[in-house]
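Examination of the molecular architecture
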Amino acid sequence: MPDRPLLELRAVDAYYGDFQALFDVSLQIDAEQVVAVIGANGAGKSTLLKSIAGLMHPRRGDMLFDGAPISGAAAFEVVARGIALVPEGRRLFPSLTVEENLLIGGQSRRAGPWTLSRVYDLFPVLAERRHLPAPALSGGQQQMAAIGRALMSNPRLLLCDEISLGLAPIVVRDIYARLPAIVAEGLSMIIVEQDIVQALQAAAHVYCLQEGRIALQGRARELTRESISAAYFGV
Amino acid sequence: MTAMEWLNVILQGVLIGGLYAMFAAGLSLIFGVMRLVNIAHGDLIVLAAYVALMVTQTLGIDPLTSLLLVTPIMAVIGYVLQRGLLNRTLGDDLLPPLLVTFGLSIIIQNGLLELFTADSRKLQAGSIEIETFQLMQGVWVGLLPLIQFFVAVAVIAALQALFYRTALGRAFRATSDDQAVAQLMGLDTRHVFAMAMALSLAVIAIAGVFLAVRANFDPAIGPARLIFGFEAVIIGGLGNMWGTLAGGVILGVSQAIGAQIDPGWQLLAGHIVFLAILALRPQGLFPKVSG
């Protein structure tokens, strides 16, 4: 294990125009660790992931990936460094087939274990439907394709934004059941979830965001239900 | 008029339609990838004609050979134009790129006027300009229009293959779908847009050279070529390259038939058919098909 964290955020403030969405957020994640970020709607979870992925740039604070700053980097540069985002709502490319969606995920040509055939091994249903346009997939299959697309860039850190959103519980369980196989390939994950039970099961460490601030953090096993609900709702 | 004469007229219309399809293809490509309406498109076609004029005069080569130089020159101009200027105008608002390309159109026209005067020019392609052969009894086809048409078909086929068979085409389609997510895939959209403009101007180069071999040109004829391009795109349906070819052919045939009825009706007939299709089938005859 390296002694420095894979990703470290120090006192990050992020804004949408004049509206401040993140206040003094500090967070760290080690190699091969799964971290969950939970919180209510509008707590700043997606803002946090977008800031890390380079889709928006925090006004203050430092973000270090493997010791190097990524604060000002554009999204396409951040991918090349090894951070991939599974965006909220899947956002597959509708004009592309399932396979083309996966191939474009591998556009950055980073070396690593993930190839088209490995993704198909992980999600066999995608192989059957590879030539269909992406919108022809069911919601769960689209989520698998979105995860597969992110894996194709062979990231060292995978950011998952609300992968359970809008999916049937059985499908959510199915997808979460495959996350350990992904982590076993040696990557780290940040899971943003509203589904707290799912998040606590999957993650070793939990951060709870409330109105843009980190209200609670700790090992998933050690946090009590009461402390989480206090941090979640602010009561 | 005999049936043979009509057949002749329609055939000439089809062949000129290939040229219109080439005017349209670059326009459609740019709008499809980055929602940019390039008002300077016609003037860039004329610019390509003048570049070809300089190349042919300086090196003493024939116009079709000059394409080997003119095409890459225009592609580089396209790349630089996009990275240096047009990328800055792109955003949620469609108006800034419209205004900037409108200004660009005026700059190109007046720049060409300063450099080359308002005199009409023409590229000389030698004997292939006048060579014809008989297709059947009473139907004659010029070699140059025929070459022009087959080049147009080849250009459309190449664009179609590039869009659906290559990584660059995949990047074009993905960027067109969702720019933010395209960036998450590691695509620098500024570069993707510049490649699209380079490709558009490469097609413009081919169209410009054929235009300049076929007829006289001067710095002011660009806007009319832009209109023909627009009309072909709308008739064929946005986002479908073969539809664009069909749109160009329909426009060409309409103009040829109009001119046959009354020489003053050539352009009018094209505009009327365009307006009729816009009114009856605003999505075009062959709208975008998925997959």
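Look above for the structure.
Calculation notes
Residues numbered from 1 in each chain as written. Chains lettered and ligands numbered in written order. Predicted model: local features only at pLDDT ≥ 70, side-chain atom pairs only at ≥ 80, totals over all residues. Heavy atoms only, no water. Buried < 20%, exposed > 50% of the residue type's maximum accessible area, 1.4 Å probe, protein only. Helix = DSSP H or I, 4+ residues; strand = E, 2+ residues; numbered from the N terminus. Pairing = 2+ DSSP bridges. Contact = heavy atoms within 4.5 Å. Buried area = accessible area lost by both parts, 1.4 Å probe. Salt bridge = Lys/Arg side-chain N within 4 Å of Asp/Glu carboxyl O. Polar contact = N/O pair within 3.5 Å; in protein donor to acceptor, adjacent residues only side chain to side chain. Nonpolar A, V, L, I, M, F, W, Y, C, P; charged D, E, K, R; others polar.

Bringing the pairing of strand E1 (residues 7–16) of chain A into the picture now. All names here are of chain A. Counting buried residues in E1 gives 7 out of 10 residues, a clear majority hidden from the surface. Taken together, the 7 bridges between E1 and strand E2 (residues 19–29) define a ladder with antiparallel strand orientation. In the strand pairing of E2, Leu7 is matched with Ile29. Following E1, the chain reverses through 2 residues before pairing antiparallel with E2; Gly17 in that reversal takes a positive phi of roughly 60 degrees. By the bridge criterion, 5 bridges tie E1 to strand E4 (residues 60–65) in an arrangement that is antiparallel. Residue Glu8 lies in a different strand from E4, and its bridge partner there is Leu64.

Attention now moves to the pairing of E4 of chain A. Residues and elements named next belong to chain A. Two elements, E4 and strand E5 (residues 68–69), share 2 bridges in a ladder whose sense is antiparallel. By the bridge assignment for E5, Phe65 is matched with Ala68. Adjacent in sequence and paired antiparallel, E4 and E5 are bridged by 2 residues, among which Asp66 carries a positive phi angle near 55 degrees.

On to the interface of chain A and chain B. Between chain A and chain B, the residue contacts involve 19 residues of the former and 19 residues of the latter. Summing both partners gives a buried area of about 1900 Å² for chain A against chain B, and 64% of it is carried by carbon and sulfur. Of all residues in chain A, Phe76, Phe93 and Ser95 of chain A give up the largest surface area on contact with chain B, accounting jointly for 31% of the area buried on that side. Viewed at the interface, chain B and chain A are joined by 2 salt bridges. With a shortest N-O distance of 3.0 Å, Asp178 of chain B and Arg91 of chain A are connected by a salt bridge. Summed over the shared surface of chain A and chain B, the number is 5 residue pairs in polar contact (both at pLDDT 80 or more). Sorting the residues of the side of chain A that touches chain B by element identifies helix H2 (75–81) and helix H3 (98–105) of chain A as the ones contributing at least two each. Among the elements that take part in the side of chain A that touches chain B, H3 of chain A stands out by supplying 4 residues, more than any other. Broken down by class, the residue content of the side of chain A that touches chain B amounts to 12 nonpolar, 4 polar and 3 charged.

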